[in-house]
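# Results of the structural survey
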Amino acid sequence: ARDYAMWKHSLLASIVHAPREIVVLDPRTGKAYRHIRFDTRTMPELAWYDERFYHNARKRVPANIANLLTELALAVWYMDDGHRRRDCNALRLNTHAFSCEEVECLRDALWNRFGIRSKLHRVVETQWVLYIPSREAVPFCQLIRRYIPPSMEYKLL
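Structure report, in brief. As the structure is a computational prediction, the values presented were derived from the model and not from experiment. (Residues numbered from 1 in each chain as written. Predicted model: local features only at pLDDT ≥ 70, side-chain atom pairs only at ≥ 80, totals over all residues. Heavy atoms only, no water.)

The subject of this paragraph is the side chain of Glu136. With respect to the element layout, Glu136 can be found in helix α6 (residues 134-144). One buried charged residue, Glu136, forms no salt bridge at all, with the nearest opposite charge on Arg117 at 4.0 Å. (Helix = DSSP H or I, 4+ residues; strand = E, 2+ residues; numbered from the N terminus. Buried < 20%, exposed > 50% of the residue type's maximum accessible area, 1.4 Å probe, protein only. Lys, Arg positive; Asp, Glu negative; His and termini not counted. Salt bridge = Lys/Arg side-chain N within 4 Å of Asp/Glu carboxyl O.)

This part takes up the packing of aromatic side chains. Per the counting criterion, the structure on display carries three aromatic pairs. For the pair Tyr4 and Trp7, a centre-to-centre distance of 5.7 Å together with 20° between the ring planes defines the contact as stacked. Of this pair, Tyr4 and Trp7 both sit in helix α1 (residues 2-12), three residues apart, which is roughly one turn of the helix. In this structure, Tyr4 and Trp7 share a single accessibility class: buried. On the numbers, 5.4 Å between centres and 75° between planes, the contact of Tyr78 with Phe140 is edge-to-face. One end of the pair, Tyr78, is in helix α4 (residues 71-81); the other, Phe140, is in helix α6, with 62 residues separating them in the sequence. An identical accessibility class is assigned to Tyr78 and Phe140; each is buried. (Phe/Tyr/Trp six-rings, centres within 6.5 Å; stacked < 30°, edge-to-face > 60°.)

Where charged atoms from two side chains of opposite charge approach closely, those side chains can pair. Within this structure, the stated rule accounts for 11 salt bridges. A salt bridge links Asp26 to Arg28, with the nearest nitrogen and oxygen atoms 2.8 Å apart. Taking the shortest distance from any N to any O, the salt bridge between Asp87 and Arg85 comes out at 2.7 Å. The exposure class of Asp87 is exposed, given its relative accessible area of 60%. Among the ionic contacts, a cluster of salt bridges with common partners joins Arg20, Arg37 and Asp39.

With that settled, the discussion passes to the nonpolar core. Counting 32 residues, the largest nonpolar core has Leu74, Met79, Leu110, Leu130, Phe140 and Ile144 as its most contacted members. Breaking this core down by element, the ones donating at least two residues are α1, α4, β6 (91-94), α5 (100-114), β8 (127-132) and α6. Of the residues forming this core, the biggest block, six residues, is contributed by α4. Beyond its immediate sequence surroundings of up to four residues, Phe140 is in contact with Leu74, Tyr78, Leu91, Ile116 and Ile132. (Core = buried A, V, L, I, M, F, W, Y, C linked by side-chain atoms within 4.5 Å. Contact = heavy atoms within 4.5 Å.)

A separate point is the sheet that holds strand β7 (residues 119-124). Taken together, four strands build an open sheet; the order of strands is β5-β6-β8-β7 and the sheet is antiparallel. Each having just a single partner strand, β5 (82-84) and β7 make up the two edges of the open sheet. Going from strand to strand, the sheet's axes swing by 30° on average, the running direction of each strand aside. In this structure, β5 lies alongside β6, joined through three bridges in antiparallel fashion. (Pairing = 2+ DSSP bridges. Axes fitted to C-alpha atoms, helices over the stretch in contact; angles between N-to-C directions.)

Right, here's the structure in full:
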C-alpha cells in the first residue's frame, strides 16, 4: 500500500502536499493501521473537478463521464476501488456510494469508451457494484496494465 500511495503521489506531485503517515484505530478490533495520506492543494484549477464530481458534498458521476475517463483514470479507479475475484477471474468495481442510475452511467461509459461489458450487481437494497465478467476481465486488464505499478499487479489477470 505504501508503494502505491507513493506512486500516486508522484503522479500528482505538482498539486498535492507532502505525504505523511497516519495511524487509524479500528474501533471494532482496537487494531491500529498505518496509512500514507496526502491532500490536494487549494487551487482554482481544481474547482472544475469539484463542480463535476461533487454536489452538496456528495460524490456523483457526471453524465459525460465517458468523455472524462482515460485508461490511466480507469487504472487508478480499479486500483483504488476494485478487486479481482479469484473464484471465477471476474473483476469488481465498488460503486456503493452512487445511485443505480449513476452506476448504469458508469457501465455505459465502460462500454462506449472502451468496449468493456459490465453488469450491475446489487449488494444491498440501495447499493450497486459493477461486475466485469471473466470474459471481459482479460481485455480490461490489458487496457490498464501499462499503468499498474508492480505493487498492484496482483489485481491483474
